[in-house]
Amino acid sequence: MSVLEALRVPDGLSARVPAEERGAGRDDVRLMVSRGAAVTHHAFRELPGLLRAGDVLVVNTSATLPAAVNARLGGEPLVVHFSTRGEEEHPGPAPGGGRWAVELRSPDGAGSTLPRAGGPAGARIRLPGGGLLVPREPLVEGSPRLWWATVSVDVPTLMARYGRPIRYGYTERDQPLAAYQTVFALPAPDGAGSAEMPSAARPFTEPLVVELVRRGVQFAPVTLHTGVASTEAHEPPYPERFEVPAATAWLVNAARARHRAGGGGRIVAVGTTAVRALESATGPDGTVRAAAGWTDLAVTPARGVRVVEGLLTGLHEPAASHLLMLAAIAGREALTRSYTEALRRLYLWHEFGDVHLILPDQDTH
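Regarding the overall build of the protein
Okay, so step 1: The helix and strand inventory of the protein stands at 9 helices and 16 strands.
Okay, so step 2: Its C-alpha atoms give the protein a radius of gyration of 20 Å, near enough to 21 Å, the size a compact globule of 365 residues would have.
Okay, so step 3: The 365 residues of the protein split such that 56% are buried.
Okay, so step 4: Sequence separation of at least 24 residues holds for 72% of the intrachain contacts in the protein that already meet a minimum separation of 6.
Okay, so step 5: Counting every atom, the protein has about 15100 Å² of accessible surface; 55% of that belongs to carbon and sulfur.
Okay, so step 6: A distance of 1 Å separates the average location of the 37 positive side-chain charges in the protein from that of its 38 negative side-chain charges.

The structure is reproduced here in C-alpha cells:
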C-alpha cells in the first residue's frame, strides 16, 4: 500500500450539503493549487487570477439525470441506479426500453442506500408505472455490483417522472436535481446524461465564466456521460459514451501549437471525465481529432496523458481509481503532498466539497 492509499479521510470532512447552503454561493469553496511539490491555498473565486489568457478549459457538458428510481423485487424494496445506456455496442434491447447498466441498492431508511449485489439473472424487478427490469449478466465478470439489464419502458421518461438524483449516505438530505447540474450542462436530444454530476465544474457560476472569458481564457466543450462512481479500490472504469466535437479538437490543437511556439496557453481539463473524453480522441502523436462513441480508456501513470497539461478536480478517496489519473498528471509524490496538505487544512471531500487545481510544474511561457 502506498503512502497515498494509506491516507484516511475523516467522516467529518465529507461535504454534507452544497456550498450555497454553507456559505455565499456555489463558488464559495476552497481551491488548492499544486505545481509539482509547491502547494498554495485560495478561494475558488480567485481562479481567474490563477489562469492566464490563452489557457483552454475543457468542460463536460453532460447533464445530470435523476438516475435513482425506487423498485421492488417481490417483497424486497430496491433502489435502481441507472448508470449507462447500452445501445448498438451492447445489442439485445427489450421492446420500448433498452439495455442499461444498473446498480441495485437497498434503501437505508434514511433517504440514502446501502450496497447490494446485483441480480439475480432473470429476476423480474417491478418499476413504478408498471415497467419491468430484468438483470441479465454482470457488467464485468466476477464483479457483482453493476449488471446489464433489459428494461420494458423508456428509461429517460421513467427517470423524469419517478427519478431523483443519486444520493450517498455522507450527504445530509435530498437535494433538487438543479443542485446537481453544472453551469455547462446541456440536455441531450435523446435524453442521455450522467448518472452522477461531473462535479469538478459545480463551483463555476455564470459571472465567473464571464470573467474568465474577459481575461482571455477559452472554453472547449466535450461530452462524457458518466455512470455511477466506482466504489471499489482501483476498480477500472467501464465503457462510457463520449463526444469530442471538431471545433474543440481544432481549438485544443491550435492552443498547443501556439504554446510550443512560445505563446498560447495550457490545456486544463475540468474534471476527470473531461480528461477521459479528450484523451480518448487524442492520437499517439498528441493530435486531437473529432470523435464520438464509447471509451474504456483508463488513464494511468503507465499510460500517461498526451494532451492534458492541467486538471481542476474534486478531492477523491485515497483508494479511488481516479487517483491513478491524477498521478499521471501530477506525479505520485506531488499528489501525496497535496492530499496530505488537504487533510491538514481540513478541505471538504466529495461532490459538494472543495476543489484542487493541478498545474504544470515547469511552465516557462
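Quick word on helix α9 (residues 332–344)
Okay, so step 1: In a regular helix each residue adds 1.5 Å, so 13 residues correspond to 18 Å; α9 covers 18 Å between its end C-alpha atoms and thus fits that length.
Okay, so step 2: Of the positions making up α9, those classed as buried are A334, L335, T336, S338, Y339, E341, A342 and L343.
Okay, so step 3: A positive phi of about 60° marks L346, the residue just after α9.

Description of the packing of aromatic side chains
Okay, so step 1: Tallied over the full model, the rule gives 7 aromatic pairs.
Okay, so step 2: Geometrically, the ring pair formed by F44 and F204 is edge-to-face, given 5.3 Å between the ring centres and 85° between the ring planes. Of this pair, F44 sits in the loop between β2 (38–43) and α3 (47–50) while F204 sits in the loop between α4 (155–162) and α5 (206–214); the two residues are 160 residues apart in sequence, bridging distant segments of the chain.
Okay, so step 3: Residue class for F44 comes out buried when judged on its relative accessible area of 0%.
Okay, so step 4: For F204, a relative accessible area of 1% puts it in the buried group.
Okay, so step 5: Ring centres 5.7 Å apart and planes at 85° place the aromatic pair F82 and W100 in the edge-to-face group.

Looking at the nonpolar core
Okay, so step 1: One finds V58, V244, V275, L278, V288, Y339 and W349 to be the most contacted residues of the largest nonpolar core, which totals 43 residues.
Okay, so step 2: Of all the elements in the fold, those that place two or more residues in this core are β3 (56–60), β11 (218–224), β12 (240–244), α6 (246–260), β13 (267–270), α7 (272–280), α8 (322–330) and α9.
Okay, so step 3: Examining the composition of this core, we find that 6 residues originate from one element, α8, more than from any other.
Okay, so step 4: Excluding its chain neighbours within four sequence positions, the residues that come into contact with W349 are V9, L13, S14, A15, L315, H316, E317, Y339, A342 and L343.
Okay, so step 5: Counting 32 residues, the second-largest nonpolar core is a separate cluster that includes L65, V69, V102 and I166.

Remarks on unusual backbone geometry
Okay, so step 1: Looking along the chain, the bond that leaves G119 and enters P120 is cis, with omega of 5°.
Okay, so step 2: Note on placement: P120 falls in the loop between β7 (113–115) and β8 (125–126).
Okay, so step 3: Unusually for a residue other than glycine, L346 sits at a positive phi of about 60°.
Okay, so step 4: By the secondary structure assignment, L346 is in the loop between α9 and β16 (355–359).

Focus: the pairing of strand β6 (residues 98–107)
Okay, so step 1: With 9 of 10 residues buried, β6 lies mostly within the body of the structure.
Okay, so step 2: Sheet topology places strand β5 (residues 76–86) next to β6; 7 bridges connect them, and they run antiparallel. Among the inter-strand pairings, R85 is bridged to a residue of β6, identified as W100.
Okay, so step 3: Pairing analysis gives 6 bridges linking β6 to strand β10 (residues 146–151), with the strands arranged antiparallel. Residue pairing across strands places E103 opposite L146, the latter belonging to β10.
Okay, so step 4: Summarising the sheet, β6 and β7 pair through 3 bridges and their orientation is antiparallel. Note that in β7 the partner of R105 across the bridge is P115.
Okay, so step 5: Between β6 and β7, which pair antiparallel in sequence order, lie 5 residues; one of them, G109, sits at a positive phi of approximately 85°.

Remarks on the packing of α7 against α8
For any two helices packed against each other, the geometry is given by the interaxial angle and the distance between the axes.
Okay, so step 1: Where α7 meets α8, the closest approach of the two axes is 11 Å, and the angle between their N-to-C directions is 70°. For the element pair α7 / α8, the angle class is roughly perpendicular. Like other packed secondary-structure pairs, α7 and α8 cross with a definite hand, here left-handed. Here T272, V275 and R276 of α7 come into contact with α8, specifically with H322, M325, L326 and I329.

Remarks on the side chain of S106
Okay, so step 1: Tracing the sequence through the fold places S106 in strand β6.
Okay, so step 2: Among all residues touching S106, those that are not within four sequence positions of it are E76, S112, T113, L114 and R116.

Cut-off values and rules
- Residues numbered from 1 in each chain as written.
- Predicted model: local features only at pLDDT ≥ 70, side-chain atom pairs only at ≥ 80, totals over all residues.
- Heavy atoms only, no water.
- Helix = DSSP H or I, 4+ residues; strand = E, 2+ residues; numbered from the N terminus.
- Rg over C-alpha atoms; globule rule 2.2 N^0.38 Å.
- Buried < 20%, exposed > 50% of the residue type's maximum accessible area, 1.4 Å probe, protein only.
- Contact = heavy atoms within 4.5 Å.
- Areas by Shrake-Rupley, 256 points an atom, 1.4 Å probe, with all protein chains shown as cover.
- Lys, Arg positive; Asp, Glu negative; His and termini not counted.
- Charge placed at Lys NZ, Arg CZ, Asp CG, Glu CD.
- Expected span 1.5 Å × (residues − 1).
- Phe/Tyr/Trp six-rings, centres within 6.5 Å; stacked < 30°, edge-to-face > 60°.
- Core = buried A, V, L, I, M, F, W, Y, C linked by side-chain atoms within 4.5 Å.
- Pairing = 2+ DSSP bridges.
- Axes fitted to C-alpha atoms, helices over the stretch in contact; angles between N-to-C directions.
- Parallel < 35°, antiparallel > 145°, perpendicular 65-115°, else oblique.
- Left-handed = near helix turned anticlockwise from the far one by under 90°.

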